[in-house]
Amino acid sequence: MVQPLIQVRSLDVRYGAVQAVDGINFEVEQGEIVALLGANGAGKSSTLNAIAGLVPTFGGEVHFDGQNITNLRPEMLPGLGMTLSPEGRRVFGTLSVAENLQMGAFGMKDAQEISAAWDRVYTLFPILAERRDQFAGTLSGGQQQMLAVGRALMSNPKMLLLDEPSLGLAPKIIEQIFELITTLNEQGVTILVVEQNVSMALEVANRAYVLANGQIATSGDAKELAASNNLQNAYLGGA
Ligand code: ATP
C-alpha cells in the first residue's frame, strides 16, 4: 500500500493546563486537498502549528514522506518538501514583496531552481511582480495573502499547509484564493488547509476532518459532509 504523504498519530498539544489537541489521528494522501474544520478554539491552528514545528507536541507523532518529523525545527521542513503559509497578515510589512519572497527561498542553493521559483510565483501572482519593490505592509489583505502563499511556494513544496487563507478577505478575493488552491493542487501540490469558511473549503477539498474540543468529531468525503445538514449546528458553532 502507498504510504500517506502525511500521517498524524495520537497528536497531543498542550499549553500549560489547556489541552488544545487531544490524541488526534489523520492522514493526507499525495495529491489530495484535505480541509481541517472546526469552531473557534477547536484546535485547528494548534494542529497545523504542531505539524510545522511551531509549537511542541506533548505526545504523538507526525510522519511526512516516510520520515518522522515530530518536533523537527520549522526551518528544516522546506528542505524536506513541506511549507506553511500563515494567515496573510503575518507577512513582514516593512520588507518589500521581493524580500518576503526571498525568505521563502532560504536555504535553496541551486540557482536554476531559485530562478524557476521566482518565475512560478510571479506567473501565478502577476500583482506581486508589479509590486515587488513595495513594502508588503502597503498591499491589500488579499495581496498579502497571495504573498504569504507565494513565499511558501518558493521552495517548491510537495505539501502546503494553509492557515485560514480566506480570513478577513472580501468574497471575490476569497473565490480567487480557493481557485488558487485548486490550481496548485492540479500542479501537483498536496494541500492541508485550515478554514473557517466551511462551504468554500468543502467545495475544493477531497476530504475533511472536523475538530471539536481538540478531537476529531467527524470526518469524510467533502461532498458528503457538505450535504449533511447538521454539520454547522453540531460542530461549527451554529449557523
Ligand atoms: P481559531 O480558529 O480561533 O484559531 P483553532 O481551532 O485554530 O481556533 P487553536 O487556536 O488551536 O484553535 O486553540 C485551541 C485551544 O488552545 C483553545 O482553547 C485556545 O484558547 C488554546 N490556545 C491556543 N493557543 C494558545 C496559547 N498560545 N496559549 C494558551 N492557550 C492557547
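What comes next is a walk through the structure. (Residues numbered from 1 in each chain as written. Predicted model: local features only at pLDDT ≥ 70, side-chain atom pairs only at ≥ 80, totals over all residues. Heavy atoms only, no water.)

## A look at the sheet that holds strand β10 (residues 215–221)
The condition is simple: Strands were regarded as paired on the criterion that DSSP finds at least two bridges between them. Helix numbering and strand numbering both begin at the N terminus, where a helix is a DSSP run of H or I of at least 4 residues and a strand a DSSP run of E of at least 2. Axes here refer to lines fitted to C-alpha atoms; in helices the fit is confined to the stretch in contact. Angles between the N-to-C directions go from 0 to 180 degrees. Residue contacts follow a heavy-atom distance rule, with two residues in contact if any of their heavy atoms lie within 4.5 Å.
Ordered by their spatial adjacency, six strands build an open sheet running β6-β7-β8-β3-β9-β10, and the pairing between neighbours is mixed. With partners counted over all chains shown, the strands left at the sheet margins are β6 (82–85) and β10, one partner each. Across the sheet, the mean angle separating the axes of adjacent strands is 15 degrees when strand polarity is ignored. Helix α1 (residues 44–51) contacts β3 (33–38), β6, β7 (159–163), β8 (190–194) and β9 (207–212) of the sheet and is inclined by roughly 145 degrees relative to β7. Lying on the sheet, helix α6 (residues 141–153) is in contact with β6 and β7; it crosses β6 at an angle near 170 degrees.

## Focus on the nonpolar core
We apply this condition: In this text, buried Ala, Val, Leu, Ile, Met, Phe, Trp, Tyr and Cys residues form a nonpolar core when linked through side-chain atoms within 4.5 Å. Residue exposure (1.4 Å probe, protein chains only): buried if accessible area is under 20% of the type maximum, exposed if over 50%, otherwise partly exposed.
Of all hydrophobic cores here, the largest spans 49 residues; its most connected members are L37, L160, I181 and I191. With 29 residues, the next largest nonpolar core counts L48, A50, L161 and L211 among its residues.

## With respect to the pattern of salt bridges
Formally: Salt bridge, as applied in this entry: a Lys or Arg side-chain nitrogen positioned within 4 Å of an Asp or Glu carboxyl oxygen.
As enumerated under the stated definition, the model contains five salt bridges in all. One salt bridge in this structure joins K158 and D65, with 2.4 Å as the shortest N-O distance. Highlighted residues: K158 in the loop between α6 and β7 and D65 in the loop between β4 (59–64) and β5 (67–68), separated in sequence by 93 residues. Its relative accessible area of 32% is what places K158 among the partly exposed residues.

Function-wise, these values are silent; they only describe arrangement.
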